[in-house]
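# Per-entry structural report
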There are 2 protein chains.
Amino acid sequence: MSEYTATVTVRLKAGVHDPEAETTRRALERLGFDLSALRAADQFELDLDAESAESARERATEMTERLLANPTIHDHDIEVEPR
Amino acid sequence: MSEYTATVTVRLKAGVHDPEAETTRRALERLGFDLSALRAADQFELDLDAESAESARERATEMTERLLANPTIHDHDIEVEPR
């Protein structure tokens, strides 16, 4: 068994309204910053023990699909690195 | 002027209690997943126009320090890429 860290990034799909990102963007503009767009995402770093990087990725994918992301509104990507 | 995307990741500093991450971890364990640790972070993707990648990074750093992160409890890192 080796130790891996799986980094899961969960984003709203394009077109899904994100009031938190909109509020953050307006607050930045009120501070005088100029930006074309702002997207917010949640990131989870999962430390886990697995036989291989592939096995770590499979488990992280299962955790993402079962709990961390909602496939109706979210896209996700997963990166696995040895710890 | 060129278009850049600055990706800002804001994490709680080590030792700062994160009840949301703790709840997520316990929910995963209740589903039968075994993990050593779970850390949560916020990620912001900022699309902006700037003269250079360095200038885009400076503005993203200023936005992070003024609004996106609280230096008392957060660490952050910033990656800048042409869009």
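Look up: the structure comes first, before these words.
This text gives an overview of the structure that appears in the document. In this text, all values refer to a predicted model and were calculated from it rather than measured experimentally. (Residues numbered from 1 in each chain as written. Chains lettered and ligands numbered in written order. Predicted model: local features only at pLDDT ≥ 70, side-chain atom pairs only at ≥ 80, totals over all residues. Heavy atoms only, no water.)

We now examine the relation of the copies chain B and chain A. Placing chain B over chain A gives an RMSD of 0.0 Å and needs a rotation angle of 180 degrees, together with 0.0 Å of translation along the axis. The superposition of one copy onto the other is thereby described by a two-fold rotation axis. Using C-alpha coordinates, one finds that chain B approaches the rotation axis most closely at Asp42(B), a distance of 2.6 Å. When you check the interface residues of chain B against chain A, 100% turn up at the interface there too, and the contact is symmetric in its surfaces. (Least-squares fit on C-alpha atoms with pLDDT ≥ 70 in both. Contact = heavy atoms within 4.5 Å.)

So, on to the sheet that holds strand β3 (residues 74–82) of chain B. The six strands are arranged β3(A)-β1(A)-β2(A)-β2(B)-β1(B)-β3(B) in an open sheet whose pairing can be described as antiparallel. The sheet is open, and its two edges are formed by β3 (74–82) of chain A together with β3 of chain B, each paired on a single side. Each adjacent strand pair in this sheet contributes to an overall mean axis angle of 25 degrees, direction not counted. In the packing of helix α1 (residues 19–30) of chain B onto the sheet, contacts are made with β2 (37–50) of chain A together with β2 (37–50) of chain B, and the angle to β2(B) comes to roughly 125 degrees. (Pairing = 2+ DSSP bridges. Helix = DSSP H or I, 4+ residues; strand = E, 2+ residues; numbered from the N terminus. Axes fitted to C-alpha atoms, helices over the stretch in contact; angles between N-to-C directions.)

A few words on the packing of helix α1 (residues 19–30) of chain A against helix α2 (residues 53–68) of chain B. Interhelical geometry of α1(A) versus α2(B) gives an angle of 105 degrees and a closest axis separation of 11 Å. It follows from the interaxial angle that α1(A) and α2(B) lie roughly perpendicular. Touching Thr24(A), Ala27(A) and Leu28(A) of α1(A) are Met63(B), Leu67(B) and Leu68(B), all from α2(B). For the contact of α1(A) with α2(B), the class distribution of residues is five nonpolar, one polar and no charged. (Parallel < 35°, antiparallel > 145°, perpendicular 65-115°, else oblique. Nonpolar A, V, L, I, M, F, W, Y, C, P; charged D, E, K, R; others polar.)

By themselves, these figures tell us nothing about what the structure is for.
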